[in-house]
Amino acid sequence: MTTQGFIDLVLVLVAAEAVALAVLLPRLWPHVSRRSVYATLAAGAALILALRALAHGASVFELSLWLALSLVAHVVDLSLRLSASQGDRHG
């Protein structure tokens, strides 16, 4: 399997994980924040897409875009987790 094929396979697995979590999360783990889980998946997917862009020889701008999107998703995830933990402490 080529590097490109492997990266595409990982992206398909991340998409399948998102679909599975959309179905299973509310049933099995209703207390887990879906927004936080999806933010984590988005951050990972953006990093994988950055790797894919790098394997394709993309421009520095495109690589930077994927990395910046990953950063935004990580910040969203962290803010959701911090607000949830502060709510647990004060609730």
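Residues numbered from 1 in each chain as written. Predicted model: local features only at pLDDT ≥ 70, side-chain atom pairs only at ≥ 80, totals over all residues. Heavy atoms only, no water.

Participant: Mind showing me how you'd approach the side chain of aspartate 77 here?
Facilitator: Mapped onto the secondary structure, aspartate 77 falls in helix 3 (residues 60-90). Ignoring any residue separated from it by four or fewer positions in sequence, one finds aspartate 77 in contact with Ser36, Ala39 and Thr40. (Helix = DSSP H or I, 4+ residues; strand = E, 2+ residues; numbered from the N terminus. Contact = heavy atoms within 4.5 Å.)

Participant: It is not clear to me how the confidence of the model for the protein chain should be interpreted in this structure. Could you clarify?
Facilitator: Close inspection of predicted coordinates is inappropriate in any region flagged by low pLDDT. On average, residues of the protein chain carry a pLDDT of 91, and 96% of them reach 70 or more. Ranking the helices and strands of the protein chain by mean pLDDT puts helix 2 (residues 34-55) first, with 94, and helix 3 last, with 90. (pLDDT = per-residue confidence, 0-100.)

Participant: Could you clarify how one ought to interpret the nonpolar core in this entry?
Facilitator: Nonpolar side chains tend to gather and get buried jointly when the protein is soluble and globular. Ile7, Leu11, Val14, Leu21, Leu25, Val37, Leu41, Ala45 and Ile48 form the largest nonpolar core, which has nine residues in total. When contributions to this core are tallied by element, the ones reaching two or more residues are helix 1 (3-28) and helix 2. A per-element tally of this core places helix 1 first, with five residues. Beyond its immediate sequence surroundings of up to four residues, leucine 11 is in contact with Ala45, Ile48, Leu49 and Arg52. (Core = buried A, V, L, I, M, F, W, Y, C linked by side-chain atoms within 4.5 Å. Buried < 20%, exposed > 50% of the residue type's maximum accessible area, 1.4 Å probe, protein only.)

Participant: When you look at helix 1 in this model, what are you seeing that I'm missing?
Facilitator: Since the α-helix packs 3.6 residues into each turn, any two residues three or four apart lie on the same face. Compared with an ideal rise of 1.5 Å per residue, which puts 26 residues at 38 Å, helix 1 spans 35 Å between its outermost C-alpha atoms and is within 8% of the ideal. Along helix 1, the sharpest kink reaches roughly 35°, centred on leucine 21. Looking only at helix 1, the buried set comprises Gln4, Ile7, Leu11, Val14, Leu21 and Leu25. Buried-residue contacts for helix 1 involve helix 2. (Expected span 1.5 Å × (residues − 1). Bend = angle between axes of the 7 residues up to and from the residue.)

Participant: In this structure, what is going on with the pattern of salt bridges? I would like to understand it.
Facilitator: Proximity of charged atoms lets side chains of opposite charge pair with each other. Under the criterion given, the structure shown has two salt bridges. As a salt-bridge pair, arginine 81 and aspartate 77 come within 2.9 Å of each other at their nearest N and O atoms. With a gap of four residues between them, arginine 81 and aspartate 77 both fall in helix 3, about one helical turn apart. (Salt bridge = Lys/Arg side-chain N within 4 Å of Asp/Glu carboxyl O.)

Participant: Sorry if this is basic, but what is going on with helix 2 here?
Facilitator: Its 22 residues place the ends of helix 2 31 Å apart at the C-alpha level, agreeing with the 32 Å of an ideal helix rising 1.5 Å per residue. Residues of helix 2 that are buried: Ser36, Val37, Ala39, Leu41, Ala43, Ala45, Ala46, Ile48, Ala50 and Ala53. Of the residues trailing helix 2, glycine 57 is marked for its positive phi of about 75°.

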